[in-house]
Amino acid sequence: MKTNILNRMVMALVISTLSLAGISIAADGQREPQEEQKRDQQEKQQEQKQRHQQKTQQQQQERVQRQSDQDQKQQQHRVQQEQKQDQRQQQQQQKQQEQQQERVQRKSDQDQKQQQQRVQQEQQQDQRQQQKQPQQQERAQREPEHDQKRQEQRLSQQQQKQLINQQQQRVAQYRQHLEQQERLAQQHIALLQQQKRMAQYRFQQQYLERLRQQQIHLRNERYDYDRDPYFYTAPIYRYNRGGRYYQTNEYGAKMLRQAVNHGYEEGFRAGKADRDDRWRGNYKDSYAYRDANYGYSGYYVDRNDYNHYFREGFRRGYEDGYNSRYRYGRNSNGNYSMLDNILSQILNFQALR
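Residues numbered from 1 in each chain as written. Predicted model: local features only at pLDDT ≥ 70, side-chain atom pairs only at ≥ 80, totals over all residues. Heavy atoms only, no water.

Draft legend 1. Spotlight on the sheet that holds strand S2 (residues 244-248). A sheet is described by the order of its strands in space; here three strands give the open sequence S2-S1-S5, paired in antiparallel fashion. Strands at the two margins of the open sheet, each flanked by one partner only, are S2 and strand S5 (350-351). Bridge count for strand S1 (residues 237-241) against S2 is five bridges, and the pairing is antiparallel. Bridge pairing in S2 links arginine 238 to glutamine 247. Against the sheet, helix H6 (residues 250-276) touches S1 and S2, its axis set at about 40 degrees to S1. Contacts from helix H8 (residues 303-323) reach S1 and S2, with the element oriented near 70 degrees to S1. (Pairing = 2+ DSSP bridges. Helix = DSSP H or I, 4+ residues; strand = E, 2+ residues; numbered from the N terminus. Contact = heavy atoms within 4.5 Å. Axes fitted to C-alpha atoms, helices over the stretch in contact; angles between N-to-C directions.)

Draft legend 2. Representation of helix H5 (residues 198-220) within the structure. A rise of 1.5 Å per residue sets the reference length of H5, with its 23 residues, at 33 Å; its end C-alpha atoms lie 33 Å apart and thus fit the reference within 8%. Along H5, the residues classified as buried are Ala199, Gln200, Tyr201, Phe203, Gln204, Tyr207, Leu208, Leu211, Gln214, Gln215 and Leu218. (Expected span 1.5 Å × (residues − 1). Buried < 20%, exposed > 50% of the residue type's maximum accessible area, 1.4 Å probe, protein only.)

Draft legend 3. Examining the packing of aromatic side chains more closely. A complete count under the given rule lists 19 aromatic pairs for this structure. Centroid distance tyrosine 296 to tyrosine 306: 5.0 Å. Interplanar angle 40 degrees. Geometry classified as tilted. Of this pair, tyrosine 296 sits in the loop between helix H7 (287-291) and H8 while tyrosine 306 sits in helix H8, placing them 10 residues apart in sequence. Taking the relative accessible area as the measure of exposure, tyrosine 306 reaches 0% and is therefore buried. Note that arginine 311 overlies the ring of tyrosine 289, its terminal NZ or CZ placed 5.6 Å from the centroid. Here the basic side chain of arginine 316 rests over the ring of tyrosine 328, its NZ or CZ set 5.9 Å away from the ring centre. (Phe/Tyr/Trp six-rings, centres within 6.5 Å; stacked < 30°, edge-to-face > 60°. Lys NZ or Arg CZ within 6 Å of the ring centre and 35° of its normal.)

Draft legend 4. Focus on the pairing of strand S4 (residues 335-338). The pairing of strand S3 (residues 329-332) with S4 spans four bridges and is classified as antiparallel. Its bridge partner lying in S4, asparagine 331 is registered against tyrosine 336. Here S3 folds back onto S4, and the loop between the two strands holds two residues, one of which, asparagine 333, carries a positive phi near 55 degrees.

Draft legend 5. Main features of the packing of H8 against helix H9 (residues 340-347). Two elements in contact, H8 and H9, have axes whose closest approach is 11 Å; the angle formed by their N-to-C orientations is 140 degrees. Considering their axes alone, H8 and H9 lie oblique with respect to each other. In this structure, H8 meets H9 at a crossing whose hand is right-handed. For the pair H8 and H9, contact is made by Tyr309, Glu312 and Arg316 and by Ile342, Ile346 and Leu347, respectively. (Parallel < 35°, antiparallel > 145°, perpendicular 65-115°, else oblique. Left-handed = near helix turned anticlockwise from the far one by under 90°.)

Draft legend 6. Region of the structure containing unusual backbone geometry. Phi is positive for tyrosine 300, close to 80 degrees, though the residue is something other than glycine. With respect to the helices and strands, tyrosine 300 occurs in the loop between H7 and H8. Residues other than glycine seldom take positive phi values, yet asparagine 348 does so here, at roughly 50 degrees. Its place among the elements puts asparagine 348 in the loop between H9 and S5. Looking at asparagine 348, the relative accessible area reads 45%, which means it is partly exposed.

Draft legend 7. Main features of the pattern of salt bridges. Overall, the coordinates contain 15 salt bridges when judged by the stated rule. One salt bridge in this structure joins arginine 210 and glutamate 266, with 2.7 Å as the shortest N-O distance. Linking arginine 210 in helix H5 with glutamate 266 in helix H6, this pair joins segments that are 56 residues apart in sequence. With a shortest N-O distance of 3.6 Å, arginine 290 and aspartate 285 are connected by a salt bridge. In this structure arginine 290 comes out as partly exposed when scored by relative accessible area, which is 27%. Linked by salt bridges that have partners in common, Glu312, Arg315, Arg316, Glu319, Asp320 and Arg325 make up one network. (Salt bridge = Lys/Arg side-chain N within 4 Å of Asp/Glu carboxyl O.)

Draft legend 8. View of the nonpolar core. Grouped together as the largest cluster of nonpolar side chains are 45 residues, with contacts concentrated most on Tyr309 and Met338. With nine residues, the top contributor of residues to this core is H6. Not counting the four nearest positions on each side in its chain, methionine 338 is found in contact with Val260, Asn261, Tyr264, Gly313, Arg316, Tyr328, Gly329, Arg330, Leu343 and Ile346. (Core = buried A, V, L, I, M, F, W, Y, C linked by side-chain atoms within 4.5 Å.)

Draft legend 9. Expanded view of the environment of leucine 347. Structurally, leucine 347 can be placed in helix H9. Leucine 347 gets classed as buried once you look at its relative accessible area, which sits at 4%. Sequence separation between leucine 347 and arginine 257 is 90 residues, and the spatial gap between their C-alpha atoms is 7.7 Å. Other than its neighbours up to four places away in sequence, leucine 347 contacts Tyr239, Leu256, Arg257, Val260 and Tyr309.

Draft legend 10. Seen up close, the side chain of glutamate 266. Residue classification places glutamate 266 among the buried positions, given a relative accessible area of 1%. In this view, glutamate 266 contacts Phe203, Tyr207, Arg210, Tyr294, Phe310 and Phe314; residues no more than four positions away in its chain are not counted.

Draft legend 11. Expanded view of H9. Buried residues of H9: Ile342, Leu343, Ile346 and Leu347, and no others. The buried residues of H9 occupy one face: seen down the axis, they fall within an arc of 125 degrees. Along H9, exposed side chains directed more than 90 degrees from the buried face belong to Asp340 and Gln345. Those residues of H9 that are buried lie in contact with S1, H6, H8 and S4. With its phi angle positive at about 50 degrees, asparagine 348 sits one or two positions after the end of H9. (Arc of directions from axis to C-beta.)

Quick look at the structure:
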């Protein structure tokens, strides 16, 4: 009896132990898949996190690239706008310069016409005066021969007075013209700087400085018309400009010779400057050619006559300077002048007597 009870207790204990072992094995079997699943989830989360970071970095890079492209486009647009604006400003400056030159030329032509009208009126007045003085002419014919020649070489008081009045008007107009040219010169200087023509820029600065010294001399000068032989010396030459003949005495002829020589000298320097800048040859593009006033004092000859012969010398000097030659002139210790035979051909003075 006791033995059966003991056996049953042992059996129950064995069964209980086996049950607990089975439960433990089952629990362990359940825990292993859960841990593997948890690790898989963690790995997936890590992968998702990495993909999210990569995607975020890629989006950030794309945003940076788009911003860079946008900034570059804006910069290019600004540069294009600035270039267009610079071109418009250059075109506007060039247009203003051309308009100013046209106004100056029209004013010059108008002054020339007025001057010609005054000269014609004075000539008509002289003719009437001569018609009113037959007795004076008869007395002059009866004078000794040497007195007669001396009288022919001098102008009448009336003619002298007319020349002085004409000269005073000419000087006043010339001073106004120099002030107008100063504005044009500054515009041309700005254009040379934009074109980076430094040799031509330096030449123009030197030319303008010579003009300023000339202008200062004119302002400070106190002129004595009564002692100047130009105003009582009769014309001895005539010359043709633009299909019309003009008369002058030896002092006016000297001024026109100086115009040609000054023009040649300035033209040679301008041509050499363009050659040094490796700029295309164009003498009309030079401010000195357009101005053509260096060496002119406002006396003895009309400004248009001086400008014409200055430009004749300038054109030839520019060709020599640009081509490094001396076809029309010479160089003496840095001083350029026109050859005598070329000078005579340009002026073509004809003796009146």
